[in-house]
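These are the residues of each chain, in order.
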Amino acid sequence: MNHIRNNKVEVLHLGEVDFKEAWEYQTTLFERTVQLKIKNRREEPENQSPTNNFLLFCQHPHVYTLGKSGAMEHLLLNKQGLQQKNAVFYAINRGGDITYHGPGQLVCYPVIDLENFFTDIHLYLRRLEEAVIQTLAHYGIESGRIAGLTGVWLGHKADDGNPRKICAMGVKTSRWVSMHGLALNVNTQLDYFDHIVPCGIEDKAVTSMAKELGRKPDLREVEFVLQKKIADIFEMEVIPAL
């Protein structure tokens, strides 16, 4: 079946939104796209419809999420401890282990049909990482990858001796449609990471742009820089939100 490629992407700036609300919203977009692809497979080429792509940007109130490959013991808080930290917990359907989201952290959920761009999950993750690496470089922060570990790191070179994670990633795909995404620590309260084993990695630290720069960058500005980097790297055409 020939796929009608559509490189247009609708960017939605949601502000601070409850994790469950954002999860349900991206799930709706995700399932709508998957169902359209299923319908297209039954149609003649002239009757097929192009699939849509979305980039959702937001922040969340304090929340811990556990991916499908995660271990509950990597959350170091019980129910009472969560209440004391004014945080909630969800087990979700992305890949990866446990992570934290909260105010001051920039979250991006690409709900895109990869058949509009390329069909390679490994390449998809690497290009998301590259968008973050270029965004950090815009602010004078050198970052990169560590072999075998998803996400973006500082102190990533073998002789640095102080690896620290600044961006976590975890995605779900079905029929080449993606959901979930990345979380970049901009002005994040890093003490919330003390209550988890971040992504199951016990000997690595976490950091934020604010900690590295010694000042708090404007989160909305970082959001637009990251948006542009993603659009450029994926060769997306950004369209105004409806």
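Source: prediction; values computed, not measured.

J.: If you had to explain the side chain of Ser-143 to someone new, which residues and values would you point to?
T.: Considering the arrangement of structural elements, one finds Ser-143 in the loop between α3 (121-138) and β7 (144-146). On the accessibility criterion, Ser-143 (9% relative accessible area) is buried.

J.: How would you explain the packing of aromatic side chains if you had to name every residue and give the values?
T.: Taken as a whole and assessed by the stated rule, the structure comprises nine aromatic pairs. Their ring planes at 70° and their centres at 6.2 Å tell us that Trp-23 and Tyr-90 sit as a pair that is edge-to-face. Highlighted residues: Trp-23 in helix α1 (residues 19-41) and Tyr-90 in strand β4 (residues 88-91), separated in sequence by 67 residues. Here Trp-23 matches Tyr-90 in class, with each residue buried. Relative to Phe-234, the ring of Phe-118 lies with its centre 5.8 Å away and its plane at 20°, an arrangement referred to as stacked. Of this pair, Phe-118 sits in the loop between β6 (105-111) and α3 while Phe-234 sits in helix α5 (residues 219-234), and the two are 116 residues apart along the sequence.

J.: So what's going on with α5? Which residues, and what values?
T.: The α-helix winds at 3.6 residues per turn, so residues separated by three or four positions along the chain end up facing the same way. Look at α5: 22 Å from first C-alpha to last across 16 residues, which is about the 22 Å you get at 1.5 Å a residue. Two or three places before Arg-220, at the opening of α5, Asp-218 has a side-chain oxygen 3.3 Å from that residue's backbone nitrogen. A positive backbone phi angle near 55° is found at Glu-235, which sits one or two residues after α5.

J.: Can you explain the nonpolar core? Please cite residues and give values.
T.: Counting 38 residues, the largest nonpolar core has Leu-184, Met-209, Ile-230, Phe-234 and Met-236 as the members making the most contacts within it. Breaking this core down by element, the ones donating at least two residues are β1 (8-16), β2 (54-59), β6, α3, β8 (149-154), β9 (164-174), β10 (177-185) and α5. Take this core: its biggest share by element is eight residues, from α5. Within the second largest apolar cluster, 20 residues are counted, among which are Val-17, Phe-30, Cys-58 and Tyr-90.

J.: Account for the pairing of β2, naming residues and giving values.
T.: Along β2, six of the six residues are buried, which leaves the element largely enclosed by surrounding structure. Across six bridges, β1 lies against β2 in parallel orientation. Looking at β2, one finds that Glu-10 is bridged to Phe-54. For the handedness criterion, the β-α-β arrangement of β1, α1 and β2 is classed as right-handed.

J.: Describe the environment of Arg-5, listing the residues and the values that go with them.
T.: Following the sequence through the fold, Arg-5 ends up in the segment before β1. Counting along the chain gives 111 residues from Arg-5 to Asn-116, while the straight-line C-alpha distance between them is 4.6 Å. Leave out the neighbours within four places in its chain, and Arg-5 touches Glu-115, Asn-116 and Phe-117. A polar atom in the side chain of Arg-5 sits 3.3 Å from the backbone oxygen of Asn-116. Among the polar contacts made by the side chain of Arg-5, one reaches the main-chain carbonyl oxygen of Phe-117 at a distance of 3.1 Å.

Rules of the game
Residues numbered from 1 in each chain as written. Predicted model: local features only at pLDDT ≥ 70, side-chain atom pairs only at ≥ 80, totals over all residues. Heavy atoms only, no water. Helix = DSSP H or I, 4+ residues; strand = E, 2+ residues; numbered from the N terminus. Buried < 20%, exposed > 50% of the residue type's maximum accessible area, 1.4 Å probe, protein only. Phe/Tyr/Trp six-rings, centres within 6.5 Å; stacked < 30°, edge-to-face > 60°. Expected span 1.5 Å × (residues − 1). Polar contact = N/O pair within 3.5 Å; in protein donor to acceptor, adjacent residues only side chain to side chain. Core = buried A, V, L, I, M, F, W, Y, C linked by side-chain atoms within 4.5 Å. Pairing = 2+ DSSP bridges. Right-handed = clockwise from strand over helix to strand, strands pointing away. Contact = heavy atoms within 4.5 Å.

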